[in-house]
Structures are given as structure tokens and as C-alpha cells.
Amino acid sequence: METAVKHLSLATTLECPKCGKPYAIEALQSYATCCNQPLVTRYNYTFHKSDINTHEYSMWRYAPLLPVFDANNIVSLGEGWTPIHHLAKTSVEHTVLLKDESVNPTGSFKARGISAAVSKAKEAGITHCIIPTAGNAGGALSAYCAKAGIKATVIMPAHTPATLQQECRMYGAELMLVNGLINACGNLARQRVQETGAFDMSTLKEPYRLEGKKTLGYEIAEQLNWQLPDVIIYPTGGGTGLVGMWKAFEEMQQMGWISGKLPRMVVVQTQNCAPMIQLFEQGKIAPDFEAGASMAYGLAVPEPFAKDLMLEVLHHSDGIALTVTEEEMEQGMKEVAATEGLLLSPEGSATYVGLKKLIEKDWIQPEETVLLFNTGAWYKYR
Ligand SMILES: Cc1ncc(COP(=O)(O)O)c(C=O)c1O
């Protein structure tokens, strides 16, 4: 007699977010949908918030709403369940909160998406993963693949700080350096995938990094007692966190975990590379769009694959997109370190500078609650 395997996950199908066409959940997919969109995972939304495993102090407390079926396949280094700080000195008129993702394994929020994706790769029997990266995702992939016993190839811009290169080598990954930004790394990754048959872990070309990142949204809700902030300011590159959080909010609404208005979502980018600001303000990204490097290397993504999904989040949430300069980020890091005792990555500082600009413009009102993100560890940028 066959015994039914008890699935941990309530995932049912993969889907094109534009036309709703379903894709099989069983095979590990790594491609764009019929409408050239990222694949999204759908669940049987029958999970009650009272059933969250509150003794699990990682993102895996939401395991039924993550895609891994067999708990033995979870590859975890303790990612998620990160603190939310109140930045009391930053404003007395507003409640300014900061979710500190720098305390994740490998020092950035990339650990969330990569934990989910590597776990699914393990579940599918994948033996070799390739990733084009601005830096942090490469370190995370190297670490999680080391833990899973999977070969990792990391392709990153040659100008990425030495610490980020070194950590990949320490974790035993193959590291390839490219002159250019992450889009140039993506081209080489595609070529290597064809040559080696390895699995492509590119942002949103693989569906499950999004699922790991969506736990940001679940955590914010749970940590704030199911009362979401009025505004969330997100340092945006490929957009996985932005799209992921919004997915979490919609899922929680569907399950009746939250009600009321969702936060206004803010995209912050560096002036050196701001395709989303151009798309938001002008309706399209110019064909001759020029992108430069940034000390916030996670934001230097000239051609984000999820641009349509990000734009939808901005429109549906009554959000806004804005840029900050390299000098402003540098200054922001100094201010927050000296006033709040927190070292921010340049990307984290971008959200702080964005907050100040939006308060000045009266886009954020007194009494409103605003959540910022520190997505990476300052120490890794040396
Ligand atoms: C520290 C940091 N912040 C923000 C981002 C942008 O994240 P997303 O791809 O979710 O937009 C990255 C991506 O590399 C990053 O490393």
C-alpha cells in the first residue's frame, strides 16, 4: 500500500501573473512565462495565522506558505525574523521604523530568497547553480550551496568590493568577474548555463527567490501586530523584495490576516542607475538609457526583468519612485550611525535619504508610520 507523502507546503501551482496561465509546480522551472513575466507561486490559502510556528525564529515559521514540500530539503542558516528598530531621533513627528536585514546570514536580505531557492533546487535534485549578481546574492548563494552540497558559480562585476569576492571563494564557489554591471554578468550567466546545463538562479527568472523575499511582508505584519505601516521605503534594484512584500500583503488579505489600506510603497534608486524612476515618471525606459556604477551596488540594475510588476505595485499602492545621489547616501550613513547607533549599507542609507526628501515634499504626513530597510551590512562594503 502506498503511503501519501505529507506536504509541508500548501503550494499548488505556478502561474503567469499577467494572464493567469498555470505552470506545473512539480518541475523546477527557470524561465519567463508566456507573457514574458516572472513565474509566481500560488497556494491553497487555508493557513491560519494562529498556526504560525512561533518557536521557529527564522522565515521558515511561515513554511506552509513557502514552496518546499519536504522539510528535509530546507537549507537554512537562520535567515529572517530580523529586528525592527524605532529611529526615535530621526523624527519626532513621524514614527520611523527600520527593519535591519544586515543581521541575516551572509550579511544581507538576499539570504531569504536564496534559502528558499536553494532548498527548492535541493528538492529538485539540482547539482550546479549559476548566479549573476551585484554582490550580496552571490555570497548568499555560495553559502547556501555549500550547506546543501551543490556546486555554485557566481558571476559578479569586477569592481565589486573585495570582501564580497572573497566570501564566495571562502564558501567554495567558482567566481567569475566581468567588466560591466549586472546585465553584463547576466549575459555570461546565460552562456554558461547553456554550456554546462547548470541551473539559472537569476533574479526572478527562478520563481522561488521571490517566495523567500515575500517573508519580509509576513514578518513586518506579524512584528507590528498585524498593523502595517503607512509607507514602506524600499531600496530597489531587481525588485524582488518590493514585489515579494506586495505578494505577501495580498496573500494575507486573502487569508483574512490583515485588513484595511495597504502601505504606500516607495522605490528608491541611485541617480547613477534609475530605470524605475524613468518608467514611473515617463511611462517608458529610453532605448539609450545609460547606467553607471554605484556604491549601492545592489541598486545598479539597468534592466530589471520585473519592471512591469514593480510598476503595478507603485500604481496599486499609490506609491512613488525617487532617486538619491552618492553623496546623499554617504552623508545618510554618517547621520544614522552617529544618531541611532546603526551602520547602514549605502542601499539602507538610500531609504533614509528618501524618507527625508518625502517629508520635505509633504508626501509623508506627520503622525504617519514609515518603515525603512537596511538591506545589507556596512562591513561588507570595504
Ligand atoms: C544590499 C542590497 N539592497 C538592495 C538590493 C536590491 O534588491 P532587489 O533586487 O530586491 O530590488 C540589493 C540587491 O543586490 C542589495 O544587495
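Just so it is clear, the model here is predicted, and its values are computed rather than measured. (Residues numbered from 1 in each chain as written. Predicted model: local features only at pLDDT ≥ 70, side-chain atom pairs only at ≥ 80, totals over all residues. Heavy atoms only, no water.)

**Things to note about the pattern of salt bridges**
Here comes step 1: Tallied over the full model, the rule gives 15 salt bridges.
Here comes step 2: Where R112 meets E101, a salt bridge forms, and the shortest distance between an N and an O atom there is 2.6 Å. Of this pair, R112 sits in helix 1 (residues 110-123) while E101 is found in the loop between strand 5 (95-100) and helix 1, placing the two residues 11 residues apart along the sequence. Of the two residues, R112 and E101, neither departs from the other in class, the shared state being buried.
Here comes step 3: Among the salt bridges present, the one from E123 reaches K120, with a minimum N-O distance of 2.9 Å. One end of the pair is E123 and the other is K120, both in helix 1 and three residues apart, which spans about a single turn.
Here comes step 4: One network of salt bridges, in which partners are shared, links K99, E101, R112 and E219. (Salt bridge = Lys/Arg side-chain N within 4 Å of Asp/Glu carboxyl O. Helix = DSSP H or I, 4+ residues; strand = E, 2+ residues; numbered from the N terminus. Buried < 20%, exposed > 50% of the residue type's maximum accessible area, 1.4 Å probe, protein only.)

**Side note on the domain arrangement of the protein chain**
Often, the extent of an interface is quoted as the loss of accessible area upon association of its parts.
Here comes step 1: Taken domain by domain, the protein chain consists of domain 1 (11-73), domain 2 (84-105 + 207-381) and domain 3 (110-200).
Here comes step 2: Each of domain 2 and domain 3 has a C-alpha centre, and these two points are 24 Å apart.
Here comes step 3: Taken together, the contact between domain 2 and domain 3 spans 23 residues of the former and 22 residues of the latter.
Here comes step 4: Interface area, domain 2 with domain 3, both sides summed: about 1,900 Å², of which 61% is carbon and sulfur.
Here comes step 5: Taken as a group, R209, Y297 and K380 account for 38% of the area that domain 2 buries against domain 3, more than any other trio of residues on that side.
Here comes step 6: Applying the counting criterion to the domain 2 and domain 3 interface returns three salt bridges.
Here comes step 7: Residues K380 and E167 are paired through a salt bridge, measuring 2.7 Å at the closest nitrogen-oxygen approach.
Here comes step 8: Our enumeration of links across domain 2 and domain 3 arrives at seven residue pairs in polar contact (both at pLDDT 80 or more). (Domains from an automatic or database assignment. Contact = heavy atoms within 4.5 Å. Buried area = accessible area lost by both parts, 1.4 Å probe. Polar contact = N/O pair within 3.5 Å; in protein donor to acceptor, adjacent residues only side chain to side chain.)

**Side note on the nonpolar core**
Here comes step 1: In this structure, V118, L141, M201, M245, F249, M252 and W257 are the most contacted members of the largest nonpolar core, which totals 79 residues.
Here comes step 2: Among residues more than four places away in sequence, those in contact with M245 are K214, L216, G217, I220, I232, Y234, M265 and F373.
Here comes step 3: Judged by nonpolar contacts, the second largest core, of 25 residues, contains L98, A296, V324 and A350. (Core = buried A, V, L, I, M, F, W, Y, C linked by side-chain atoms within 4.5 Å.)

**Notes on the packing of helix 1 against helix 2 (residues 136-148)**
Two quantities define a packed helix pair, namely the angle between the helix axes and the distance between the axes.
Here comes step 1: Contact pair helix 1 / helix 2: the axes reach a minimum separation of 9 Å and the direction vectors enclose 40 degrees. Relative to helix 2, the element helix 1 is oriented oblique. Every pair of crossing elements has a handedness; the one defined by helix 1 and helix 2 is right-handed. Between helix 1 and helix 2, the residues in contact are K110, A111, I114, S115 and V118 and N136, A137, A140, L141, Y144, C145 and A148, respectively.
Here comes step 2: Of the residues assigned to the contact of helix 1 with helix 2, the class counts are nine nonpolar, two polar and one charged. (Axes fitted to C-alpha atoms, helices over the stretch in contact; angles between N-to-C directions. Parallel < 35°, antiparallel > 145°, perpendicular 65-115°, else oblique. Left-handed = near helix turned anticlockwise from the far one by under 90°. Nonpolar A, V, L, I, M, F, W, Y, C, P; charged D, E, K, R; others polar.)

**Regarding unusual backbone geometry**
Here comes step 1: Of note, the phi angle at T106 is positive, near 65 degrees, even though the residue is not glycine.
Here comes step 2: Among the secondary structure elements, T106 is positioned in the loop between strand 5 and helix 1.
Here comes step 3: One non-glycine residue with positive phi stands out, namely D362, at about 65 degrees.
Here comes step 4: With respect to the helices, strands and loops of the structure, D362 is situated in the loop between helix 10 (346-360) and strand 13 (369-374).
Here comes step 5: You can call D362 exposed: its relative accessible area is 54%.

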